[in-house]
Amino acid sequence: MKASHKILLQCTVPLKAKLLPRYLYYEDSKMKKALIILALGVVSANVSAKEGEYWYVGLDILNTKVKHSNKLNLVALDGTPYTEQIKNLSKETGFGLNIGRQVPLSSNLACALEFEYINFGSYTGTEDSAVNNIPYESNAIGVDLTTFNLNLKPKYYVSGTGLYFGGLVGVGGYRMEFSKASTGSGSTTGFNYGLELGYAFSPMFDVSLGYRAAVASFDIENVKDDYEMDITSFYFGGKYKF
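Quick notes on the rules
Residues numbered from 1 in each chain as written. Predicted model: local features only at pLDDT ≥ 70, side-chain atom pairs only at ≥ 80, totals over all residues. Heavy atoms only, no water. Helix = DSSP H or I, 4+ residues; strand = E, 2+ residues; numbered from the N terminus. Contact = heavy atoms within 4.5 Å. Pairing = 2+ DSSP bridges. Buried < 20%, exposed > 50% of the residue type's maximum accessible area, 1.4 Å probe, protein only. Polar contact = N/O pair within 3.5 Å; in protein donor to acceptor, adjacent residues only side chain to side chain.

> I tried to follow the environment of K65 on my own but got confused; where do I start?
As for its position among the elements, K65 is in strand β1 (residues 54-68). Discounting residues that sit within four places of it in the chain, K65 has contacts with K91, D230, I231 and T232.

> Which parts of the structure should I look at to understand the pairing of strand β8 (residues 184-200)?
Both faces of the sheet carry side chains from a regular strand, because those side chains alternate between them. Where strand β7 (residues 163-180) lies against β8, 16 bridges are found, and the strand directions are antiparallel. Looking at the pairing, V169 lines up with Y193 of β8. Relative to strand β9 (residues 205-218), β8 is paired through ten bridges, and the arrangement is antiparallel. Within the sheet, the bridge partner assigned to L195 lies in β9 and is Y211. Here β8 folds back onto β9 in antiparallel fashion, the turn holding four residues.

> I'm lost on the side chain of K153 in this one. Help?
With respect to the helices and strands, K153 occurs in strand β6 (residues 134-157). According to the relative accessible area criterion, K153 is buried, its value standing at 4%. At a separation of 3.3 Å, a polar atom in the side chain of K153 contacts the side chain of E196. Among all residues touching K153, those that are not within four sequence positions of it are Y56, A110, C111, A112, E114, G167, L168, E196 and K239.

Here is the structure:
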């Protein structure tokens, strides 16, 4: 810039400095153009990063149905054998929080590794007992379900749109707590899987809806058989990418 200023003074002084304001305007215009190009480059690079490899945090709202799929074989204090099963569990709305990192595999394929916490909600139902398959007692029961999962989530993006189809498979620690007729709790390892349809409506935000299922067998204290629980959910969620 110092060299250019010297040339400018040498050339413009004989011309009574009439070219000096015009020269400065020209330099200012070039600077503005350069700043605009730089800003567009930064935005473009940022968008490309969001579409490729990124971290994200998300929130899901789940409507979940839980089913106790097996009968427990128990023995009464007087030695009478009987079976017991939890039935008529309500559908409940819960929530999930997740954080993950997604990496591109190709122009249309990507895969995310995700850690999540889900509170499926508090359920009400009945604890039904039977002797020789003849019902003889039914009591109200409450069930609370939570889980921490580590999931793998592959995605296929439709070219030219923000639409994607995704899958989910994962493993986690599940916890079940009883209240009302029975008390106690149990923890176990369970598996979950699902399908998801999503849309990226901006470089920073995604929305999705999907279906997921999990199977977990809980070992409850003083109960010989495990509680085999089937957990199915429809969910809607959103993600912020960074």
